[in-house]
Amino acid sequence: MEPFVVRRPLSLVRAPDGIGEQTFFQKHASPGMGKAVRALKTGRDEALLYVEDFDGIASLVQMGVVEIHVWGSTIDDVDRPDQVIFDLDPGPGVDLDGVRAGALEVRDRLKGIGLESFVKLSGGKGFHVTVPLVPEAGWTEVKAFARGFADAMAKAAPARYTATLAKKARRGKIFIDYLRNGRGATAVAPYSTRARDGAPMAAPVTWTEVGGGIAPNAVKVGAALPKSDPWLEFRASAERLGKD
């Protein structure tokens, strides 16, 4: 988890008494969080949470954090994202094969416009497809691209996809959630647990595993993780784009 979490603004789901009791969402710093959890003042009257290292992640665990969500930018360049995320959220009536096929189609369409993408199990019902970016464009431009992409897929296959948030528009369709790409929006971090029965994880996987039938909530706490890093190429791509 460390490479995907450190030095990024965070939002947290905390469950001090366990996931069966009251949980709460926290996105700004508060007293008593400990020295390993930092606050970034941005000039917008906000104190964004972030950690510098593994000790910071361990401090979050000690605070009863069960989910870690990250911005698509780093604290070094808060207003210019370095990734774009498409969250495929199946509506009622969409089976696993349908949402899996949807993720593969997003990958293929992105590849068709020259963008390499990587996939993560959400730990819930869907998949997150992520594209590393050179941090040059601002949130407005990146969100506009993500919305245009989602709209184009919905127009090409309106029986299968929607880019509309309203629940009544999502029955039998996959909502291509582009809203994760706005300033302050977050997505669950790779390798984060989810506050759900069975303790599923948001796990990076390969496209081969998606094509082979893996479910979005297949990886649980206690399961053996892959010996190889499924997102090794993601990190290599991000580093390469950063140098460029």
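Here's a quick rundown of the structure. Please read all numbers here as calculations on a predicted model, not as lab measurements. (Residues numbered from 1 in each chain as written. Predicted model: local features only at pLDDT ≥ 70, side-chain atom pairs only at ≥ 80, totals over all residues. Heavy atoms only, no water.)

### Considering the packing of helix H3 (residues 96-112) against helix H4 (residues 139-156)
In step 1: Axis separation between H3 and H4 bottoms out at 12 Å; the angle between their running directions is 115 degrees. Here H3 and H4 pass one another in a crossing that is right-handed. Contacts between H3 and H4 involve Glu105, Val106, Arg109 and Leu110 on the former and, on the latter, Phe149, Met153 and Ala156.
In step 2: When grouped by side-chain class, the residues that make up the contact of H3 with H4 number five nonpolar, no polar and two charged. (Axes fitted to C-alpha atoms, helices over the stretch in contact; angles between N-to-C directions. Helix = DSSP H or I, 4+ residues; strand = E, 2+ residues; numbered from the N terminus. Left-handed = near helix turned anticlockwise from the far one by under 90°. Contact = heavy atoms within 4.5 Å. Nonpolar A, V, L, I, M, F, W, Y, C, P; charged D, E, K, R; others polar.)

### Considering the packing of aromatic side chains
Each aromatic ring pair is described using two quantities: the centre-to-centre distance and the angle formed by the ring planes.
In step 1: Within the structure shown, the criterion is met by eight aromatic pairs.
In step 2: With a centroid separation of 6.1 Å and an interplanar angle of 55 degrees, the aromatic rings of Phe4 and Phe234 are classed as tilted. In this pair, Phe4 sits in helix H1 (residues 2-5) while Phe234 sits in helix H6 (residues 232-243), placing the two residues 230 residues apart along the sequence. In this pair, the class of Phe4 matches that of Phe234, namely buried.
In step 3: Centre to centre, the rings of Phe86 and Phe149 are 4.8 Å apart; their planes meet at 40 degrees, and the pair counts as tilted. With a gap of 63 residues between them, Phe86 in strand S6 (residues 83-90) and Phe149 in helix H4 connect regions that are remote in the sequence.
In step 4: What makes Phe86 buried here is its relative accessible area of 0%. (Phe/Tyr/Trp six-rings, centres within 6.5 Å; stacked < 30°, edge-to-face > 60°. Buried < 20%, exposed > 50% of the residue type's maximum accessible area, 1.4 Å probe, protein only.)

### As for the sheet that holds strand S12 (residues 204-205)
Within a beta sheet, neighbouring strands are joined by backbone hydrogen bonds and run either parallel or antiparallel to one another.
In step 1: Taken in spatial order, the six strands line up as S9-S10-S6-S8-S7-S12 in an open sheet, and their pairing is mixed. Edge strands, defined here as strands with exactly one partner in the open sheet, are strand S9 (161-162) and S12.
In step 2: As defined by bridge partners, S6 adjoins strand S8 (residues 127-132) across six bridges and the pair is classed as antiparallel. By the bridge assignment, Leu88 is partnered in S8 with Phe127.
In step 3: Of the strands in this sheet, S6, S9 and strand S10 (174-177) touch H4, which is tilted by about 35 degrees from S6. (Pairing = 2+ DSSP bridges.)

### Some points on the nonpolar core
In step 1: Ranked by internal contacts, the top residues of the largest apolar core, which has 37 residues, are Phe86, Leu88, Val106 and Val210.
In step 2: Of all elements in the fold, only S6, H3, strand S7 (118-121), S8, H4, S10 and helix H5 (207-211) reach the threshold of two or more residues within this core.
In step 3: Top element by residues in this core is H4. It accounts for six residues.
In step 4: Listed in part, the 15 residues of the second largest apolar core include Leu10, Leu49, Ile57 and Ile68. (Core = buried A, V, L, I, M, F, W, Y, C linked by side-chain atoms within 4.5 Å.)

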